[in-house]
Each structure stands twice: as structure tokens, then as C-alpha cells.
Amino acid sequence: MGNRFDKKKLADSFRTRSFRAGGYSVLAAALVIAIAVVVNLMAAKLPKTDLSSQELFTLSDQTVELAEGLDEPVTVYWLVSQGSEDSYLTQLLDRYDHLSRNLTVEKVDPVVYPTFASNYTDEEITMNSMILVSEKRSCYVSYESLYQYDYSTYASTGSYGVQFAGESEVTRALDYVTSDSLARAAVITGHGEVALSGTFSAALRSLNLETETLDLLTVEEVPEGTDCVLIYAPAQDLSESERDVLLAYLAGGGSVMLVTDCEVGEEFVNLNAVTGAYGMTAQSGILVEGDGDHCLSSYPYYLIPELGDHAITRPLSEGGYRMIAPFAGGLSIAEELPQGVTVTALLSTTEDAFSKAEGLLASTVEQEAGDTPGPFTVAAAMSDETSGARMVWLGSAMVLDEETNAISAGANEDFFLNAMAWMCGHESAISIHPKQLDTNTLTVSAADASRLTVVLCFVIPALFVITGAVVVIRRRRR
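Each chain has its residues counted from 1, running along the sequence as written. The model is predicted, so local features are restricted to residues of pLDDT at least 70 and side-chain atom pairs to those at 80 or more, both for listing and for counting; the totals for chains, interfaces and linings are taken over all residues. Values reported for side chains reflect all heavy atoms of the structure, with hydrogen atoms and water molecules removed beforehand.

Novice: I'd like a rundown of the overall build of the chain, residues and numbers included.
Specialist: Comment: elements are numbered from the N terminus, with helices defined as DSSP H or I runs of at least four residues and strands as E runs of at least two. A count of helical and extended segments in the chain gives 13 helices and 23 strands. Per-residue accessibility, obtained with a 1.4 Å probe over protein chains only, is compared with the maximum for each type, and a residue is labelled buried under 20%, exposed over 50%, and partly exposed between these values. Going through the 478 residues of the chain one by one, you find that 42% of them count as buried. Throughout, a contact is declared for two residues whenever any of their heavy atoms are within 4.5 Å. Counted over contacts in the chain with a minimum sequence separation of 6, partners at least 24 positions apart contribute 75%.

Novice: I'd love a proper account of the confidence of the model for the chain, names of residues and values included.
Specialist: Residues with a pLDDT of 70 or more make up 83% of the chain, whose mean pLDDT is 83. Per residue, pLDDT captures the predictor's confidence, and it can take any value from 0 to 100. When pLDDT is averaged over each helix and strand of the chain, the minimum, 55, is found for helix 1 (residues 2-13) and the maximum, 97, for strand 22 (residues 390-394). Scored below 50 in pLDDT, residues 439-446 makes two contacts in the model with residues more than four places away or belonging to other chains.

Novice: Explain the packing of aromatic side chains residue by residue, including any values.
Specialist: Two rings from Phe, Tyr or Trp (for Trp, the six-membered ring) form a pair when their centres sit within 6.5 Å of each other. Planes less than 30 degrees apart are called stacked, planes more than 60 degrees apart edge-to-face, and all others tilted. Using the criterion set out here, one finds 13 aromatic pairs in the structure. Here the aromatic rings of Tyr 88 and Tyr 147 are separated by 6.4 Å at their centres, their planes lie at 65 degrees, and the arrangement is edge-to-face. Here Tyr 88 is found in helix 4 (residues 87-97), whereas its partner Tyr 147 is found in strand 5 (residues 147-150), with 59 residues between them in sequence. The interplanar angle of 55 degrees and the centroid separation of 5.6 Å between the aromatic rings of Phe 116 and Tyr 120 together place this pair among those described as tilted. By relative accessible area, Tyr 120 is classed as partly exposed at 32%. Every member of this aromatic cluster is reached through a ring pair, and the members are Tyr 88, Tyr 143, Tyr 147 and Phe 164. The rule is short: NZ of Lys or CZ of Arg within 6 Å of the ring centre and within 35 degrees of the ring normal puts a charge over the ring. We note Arg 137 situated over the ring of Tyr 176; from NZ or CZ to the ring centre the distance is 5.3 Å.

Novice: How would you explain the side chain of Thr 349 if you had to name every residue and give the values?
Specialist: Summarising the element assignment, Thr 349 is placed in the loop between strand 18 (341-348) and strand 19 (354-356). Take Thr 349: its relative accessible area is 5%, and that puts it in the buried class. Here the side chain of Thr 349 touches Phe 376 through a polar contact of 2.8 Å, landing on its backbone nitrogen. With residues near it in sequence (within four places) discarded, Thr 349 still touches Leu 287, Glu 289, Leu 303, Glu 306, Pro 375, Phe 376 and Val 378. Contacts described as polar in this section are N or O atom pairs within 3.5 Å, which, within protein, must combine one atom able to donate a hydrogen with one able to accept it, while residues neighboring in sequence count only if both atoms come from side chains.

Novice: Which residues make up the sheet that holds strand 2 (residues 103-108), and what values do they have?
Specialist: Any two strands between which DSSP finds at least two bridges are classified as paired. The strand order across the open sheet built from four strands is 2-1-3-4, with neighbouring strands paired in mixed fashion. The two strands at the open ends of the sheet, each matched to only one other strand, are strand 2 and strand 4 (138-141). For this sheet, the mean angle separating the axes of adjacent strands, direction not counted, is 20 degrees. To define axes, lines are fitted to C-alpha atoms, for helices over the stretch in contact only, and angles between the resulting N-to-C directions are given on a 0 to 180 degree scale. Most of the contacts of helix 6 (residues 166-178) go to strand 4, to which it runs at about 165 degrees, and overall it touches strand 1 (74-79), strand 2, strand 3 (129-133) and strand 4.

Novice: Help me get a handle on the nonpolar core, residues and values and all.
Specialist: Among buried residues, those of type Ala, Val, Leu, Ile, Met, Phe, Trp, Tyr and Cys that are joined through side-chain atoms within 4.5 Å constitute a nonpolar core. Met 257, Val 392, Phe 415, Phe 416 and Met 420 are the most contacted members of the largest nonpolar core, which totals 42 residues. Breaking this core down by element, the ones donating at least two residues are helix 7 (198-206), strand 9 (228-232), strand 10 (255-259), strand 18, strand 21 (377-384), strand 22 and helix 12 (411-423). Per-element tally for this core: the top contributor is helix 12, with nine residues. In this structure Met 420 touches Ala 185, Leu 204, Leu 207, Leu 209, Cys 228 and Met 257, once residues within four positions along its chain are discounted. Within the second largest apolar cluster, 29 residues are counted, among which are Ile 231, Leu 258, Val 341 and Trp 393.

Shown next as C-alpha cells:
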């Protein structure tokens, strides 16, 4: 009887209201846990939210457009050992991995597979480097290229700036391995032109742009397959034959990047004939900016021009960057342009600017009677719908100077790269500016760390336990 009584009592306990309430609670808790597990699994498959103030991991429109347009598989082999992953690169590659089904990121441990990279590159491999591989070609991206250091203020402040160029490097490589053909540029010589500095020469290579020198006097036409011609700071005018070669090249849909300064004026008859065919000519004189917000302090001939609305300048405007254009000459744009020709001002002065006809021989930077009032165009972009020709004319040769570029925080370099990419019809390669890293850190003393440990590990959990015990006791009393 005792056993039967116990069994009946046990069976009756399962029918009580408290048991049903408890069962519902257990079921609800199990359901919540299951939902949490599913949500976490789904969230793990999605790119993480970019919470950085500099939007370090927010990909640009150029990157998104390039990745979404992939019509062939591309694999990013991330050469890294487990536990050695760079934190910035981890978050960046996570976003690339979610852009397109044709873009895949795979980790390869160079310690486990020491000969893997040699299948694609002869360079010495460093941890956290990458190799992008497509059906066409491969491209090695070294880890060192992902970070750019600025030591210009180190002597005075003891600190230096660091920029993260992860997106610009990966997108450049992605564009390289998927391009059907690589662009070619011819650098004109024979007129006292200035050689490109190391920074800007390397920048052209970052565009996947192959360059070669060209003397127009030795050829009857610009070589076939040349996507762009670069004329950088000529000291002398073109000859008539060179003028005709360039005009024929443009008429056939070619592109010309012309960089001059205030010393190139109306006396460059043949050069002006080339640009004049598309509604642009040079003005004599050096530009001086009268608006203090648009020039360097105490250097009114170091212009900080206003940016126009164009594919070349738009990334700079959106990023809040400002260019520096020293010793600039003004460009004149005709009111009536040839049919099909469009000219857009890329860089302009304010209405307070003026031009001094004496140029570099001017005895003062103050405005005098006879000075030509502004505003002026400092750089312009031309496109011809009829022939497909393109031209960018920059009226300040010192825009491509190393020190000037450093003052502009690299904006000058970006402008040059964007212009070259646009003229080669390679807008996807338009420069993506590196992002400044915030190096501020939170310093916690040992005493504060101990207090935080006690609060987080003991006090807060104890409060939850006490609160739960109080709730249980109150429910039982009811």
C-alpha cells in the first residue's frame, strides 16, 4: 500500500498548477535558448557592423560595384597562422567575403603549407599578406603595404600618423586580376619635361598602369594600344609635327593628361593648338588667391582650390580632402565648344583670386592695377562624345611634388591617380584613400583593474543571484 500511495502521490504531483507553471517556464526558457542559438548562427554568417568612428571597414562604392560585377571566381588567399590574424584585416576581409558569391576568402597557413605562395609569387612572404587569384592572373599584396606611416611631425611632437590602406590595396589587386587587359600610358619626353617622383611613379603602378617613354619626334603616330599620353611640365613648346601627331591621336579616341604651370602661357602656340581644338587654352600669369580660406597661410600662391563635381574629384569631396596647387596658371574655357565636346572644371579659385601677368617675376603678391580678376579654372576635364577622346589639363605642375602632396595628406596623389584612371576608361581603379587610424588608447591602472574585476566577476553576478532568490521565495509564499 505504501508503494501504491507513493506512486499515486508522485502522479498527482505532475497535475498540480505549480508543476504546469514550472513546465511552461522550462519550455519557454528552452525556446528562448533555441532562438538565441539560431540568431547567433545566422549573425555569424553576416558581415559585422562597422562601429569605428573612421568607418575603417565600410567599403566604398567603387569596391562594391567592382565586386558585385564579378563574372568569374576570385579567391583571396589570406596567408596567416591561427591566432596571428591582424584585427583590422580580419574585419575588412569579412566584408569582402560577403560582397559576391564569386569572391571567396580562404586562410592558408604558410607554416603548414610553406610552398603554397611560391606558385604565385617569388617575393618573400610575410604573415597576414594576401594572394588574389583569378582565371586570368594572380596578384600578391604584402602586409607591409596595408599600413602607411607619416613621420613628418615626429621630430616636433614625438608621434606619427598611421593610415590603413587595406581597402585600396585589396580592391586594386581585385581590379588587376579581373581586368581583361592592362592599361598603357606613354610619357612624352624631349621638351625638358620633369620626371615623375618616386611616389607618383609607384602610384601609377598601383593603378596597374604600364608606362613607357615616347619621343613624338621619332614616330608618325602614337603607338597602337596606348590608352593615355602624359605630358608633365614641358619647358618648351611642341613642334608642328608633334602637334599633328597628338591631334590625330585625340581624333582617334585617345586620351591626354597635360600638367603645366604658370610659365606655360600663350607663347606655347602648338600646345595651345592641341588643347584649343577642344575649347581650352592657357592664360599667362601666376594665380594668387585673395581668400584666406583657399590658400596656405602666408602663401597666397599655394592655392587650395574648390573641387568640381566629376568622377575624378568626387571621391576627394566625399572624403573631405583638400588639394594644394602652388604656382598655378589659369585655364581658359571657350564659351562655345565643338559639337559633342564637354569641358568640366575640376579645380577652381574663388572670385577673390587674381592673376599676375609677370608670373614668377612678380615683385609682390598684392593685387595691383592691371591684374586679371578671378575666378579661374585651375584644372579641367574634357570628353568628346564623337571620337571618345578625353583630356585632363592641370595648371599646376607642383601638384605632383612630393612635399606638396604630403601637405595635402595625399589628396594630390589621389587626384592624379583618379585622372589617369578616368582617361584610361578604368573608373573602377579610381583611388580609394587610406583611412586614418585612431591611436588613442584607454589606460587603466592596476587598482582600477582590480576594482573592475571585482565588480564584473563578483558583484554583478551576486546581484543577479540575490534577485533571483528573492523572486523565487516570493512566488513560493504565494
